[in-house]
Amino acid sequence: MKIVGIDVIPLRAELSTPRGPSILTYKRRETLFIKVTTDSGLVGWGETYRLAGVEGTLRDVLTPLLIGRDPMRMRDLHAQMRSATFDNGFPIGGIDLALHDLVGKSLGVPIHQLYGGALRTTVKAYASLPGYFDDKPPEEHWLDEALALVARGFKAMKFRVGRFDPRRELPVLTRVRESVGPEVALMADANAAQSPDQALRLAAGLRELDFEWLEEPLPQSGYLGYPELKDKMPLPLAGGEGLLNRSQAQTAVQRGCFDIIQPDVSICGGIGETLFISELARLSTVRCIPHCWAGALTLAATLHVNALLPDISRMPGNAQPLLEFDVTENPFRDNVVVGDPFVVVDGLVRVPDSPGLGIEIDESALRHYGAQLG
């Protein structure tokens with residue numbers, strides 16, 4: 001089997017209601033789908049984030065490298081992609097998903113079977129909330145949204161925090177906790193908006209409300225200041241979605257940046273790299289909960305990863321891996337796949353069991369979002 005074509009497919013959709021985290025408001029969503037075609041007729045699909053330089057690297061560097069190559073030699077190809085891109089996980093991650101999809105389809109097995117088989121058939125999902133409105137304060141929507149998510153079956157949810165002073169936001173979160181009760185897990189993501197002092201003030205209040213973690217309160221560049229902040233935190237500090245490769249992850253773990261590391265399959269270099277990082281972190285008793293805020297392909301890949309991650313410990317009933325399930329308006333998950341593979345039932349999402357990623361892309365639907373396909 002040989003690769004004969006690679007299509008890099010930018011997708012864009014305007015949001016009906018602009019929402020966003022602490023530092024910005026999203027008016028649209030964008031992503032990159034990648035279609036890898038082989039001479040056997042099999043097609044593999046991947047996805048990555050549409051950041052500066054990623055499309056050019058995919059088209060001008062990785063496509064010439066991969067055309068004519070055997071996708072079954074995935075390990076060799078991954079090493080060559082790392083060398084050709086200075087280990088840039090964004091373009092590598094997108095191709096890696098497509099190669100995994102192809103290998104699984106060729107062998108007739110789901111991706112998790114390539115790594116020895118799933119440890120679970122369903123994964124607990126936590127709702128990752130959209131964040132703020134520009135024209136509506138959190139006092140008017142956080143509680144209602146939380147109750148609606150509980151009604152949908154979610155048993156865990158993450159709030160975007162940090163746009164306003166903790167003295168304003170913590171009372172709203174207090175009402176949320178009182179309303180959803182102690183059985184619903186709550187998390188917070190400040191999206192790099194805070195200073196260390198602000199983060200510690202917020203964390204102290206979140207600890208009183210029994211929040212699971214505070215995520216990336218400081219800027220992500222180099223994760224500077226994270227070890228010092230972690231040493232003072234009254235609850236776990238999560239982060240690492242911006243890690244581009246295993247080397248950066250190793251450095252972050254060795255520096256003691258996080259209690260919970262959050263690699264993203266489409267950012268850190270792919271499925272195998274995410275699993276490598278999780279095992280690396282586990283040696284230092286750092287828990288791995290992958291980041292996922294993208295379309296259907298990244299979500300499917302993250303489900304396979306979560307199916308393979310071990311429980312946090314051997315204690316019966318202890319916490320299992322969690323799936324970040326974006327509840328922002330998401331046409332690249334909800335409108336471009338055949339069927340409905342990501343149904344949340346009683347807080348759980350089923351791991352795909354069909355070959356490859358286990359989902360089917362509706363190519364005609366992609367055209368609604370700017371895809372130009374042959």
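Residues numbered from 1 in each chain as written. Predicted model: local features only at pLDDT ≥ 70, side-chain atom pairs only at ≥ 80, totals over all residues. Heavy atoms only, no water.

Participant: Even after reading the chapter, I still don't get the overall build of the protein chain, so can you show me in this structure?
Facilitator: When helices and strands are tallied, the protein chain shows 13 helices and 13 strands. Radius of gyration (C-alpha) of the protein chain: 20 Å, near the 21 Å computed for a compact globule of 374 residues. Along the longest, intermediate and shortest principal axes, the C-alpha atoms of the protein chain span 60 × 45 × 40 Å. Evaluated residue by residue, the protein chain yields a buried proportion of 55% over its 374 residues. A fraction of 73% describes how many contacts in the protein chain between residues 6 or more apart in sequence connect residues 24 or more apart. Accessible surface for the protein chain amounts to roughly 15,400 Å². Of this, 50% is attributable to carbon and sulfur atoms. (Helix = DSSP H or I, 4+ residues; strand = E, 2+ residues; numbered from the N terminus. Rg over C-alpha atoms; globule rule 2.2 N^0.38 Å. Buried < 20%, exposed > 50% of the residue type's maximum accessible area, 1.4 Å probe, protein only. Contact = heavy atoms within 4.5 Å. Areas by Shrake-Rupley, 256 points an atom, 1.4 Å probe, with all protein chains shown as cover.)

Participant: Is there a simple way to explain the packing of helix H6 (residues 166-180) against helix H7 (residues 196-208) in this structure?
Facilitator: For any two helices packed against each other, one specifies the crossing angle of their axes together with the interaxial distance. Interaxial distance between H6 and H7 falls to 10 Å at its minimum, and their mutual angle equals 20 degrees. Here H7 runs roughly parallel to H6, going by the angle between their axes. Like other packed secondary-structure pairs, H6 and H7 cross with a definite hand, here right-handed. For the pair H6 and H7, contact is made by Pro-166, Leu-170 and Leu-173 and by Gln-198, Arg-201, Leu-202, Gly-205 and Leu-206, respectively. (Axes fitted to C-alpha atoms, helices over the stretch in contact; angles between N-to-C directions. Parallel < 35°, antiparallel > 145°, perpendicular 65-115°, else oblique. Left-handed = near helix turned anticlockwise from the far one by under 90°.)

Participant: Please explain the nonpolar core as it appears in this structure.
Facilitator: For soluble globular proteins, nonpolar side chains are generally found buried alongside one another. Within the largest apolar cluster, 86 residues are counted, with the highest numbers of intra-cluster contacts made by Phe-159, Val-161, Leu-214, Ile-261 and Phe-325. The dominant element in this core, judged by the number of residues it contributes, is helix H11 (residues 296-308), at nine residues. Formed by 24 residues, the second largest nonpolar core is a distinct cluster that contains Met-74, Ile-92, Ala-98 and Ala-294. (Core = buried A, V, L, I, M, F, W, Y, C linked by side-chain atoms within 4.5 Å.)

Participant: Would you explain the state of the cysteines in this entry?
Facilitator: On inspection of all chains with the given rule, the structure shows zero disulfides. In this model Cys-257 remains outside any disulfide bridge; the closest cysteine sulfur is found in Cys-288, 15 Å from its own. Here Cys-288 stays free of any disulfide, with the sulfur of Cys-268 as its closest cysteine sulfur at 8.6 Å. The class of Cys-288 is buried, set by a relative accessible area of 9%. (Disulfide = S-S within 2.5 Å.)

Any functional reading would require information that these geometric values do not contain.
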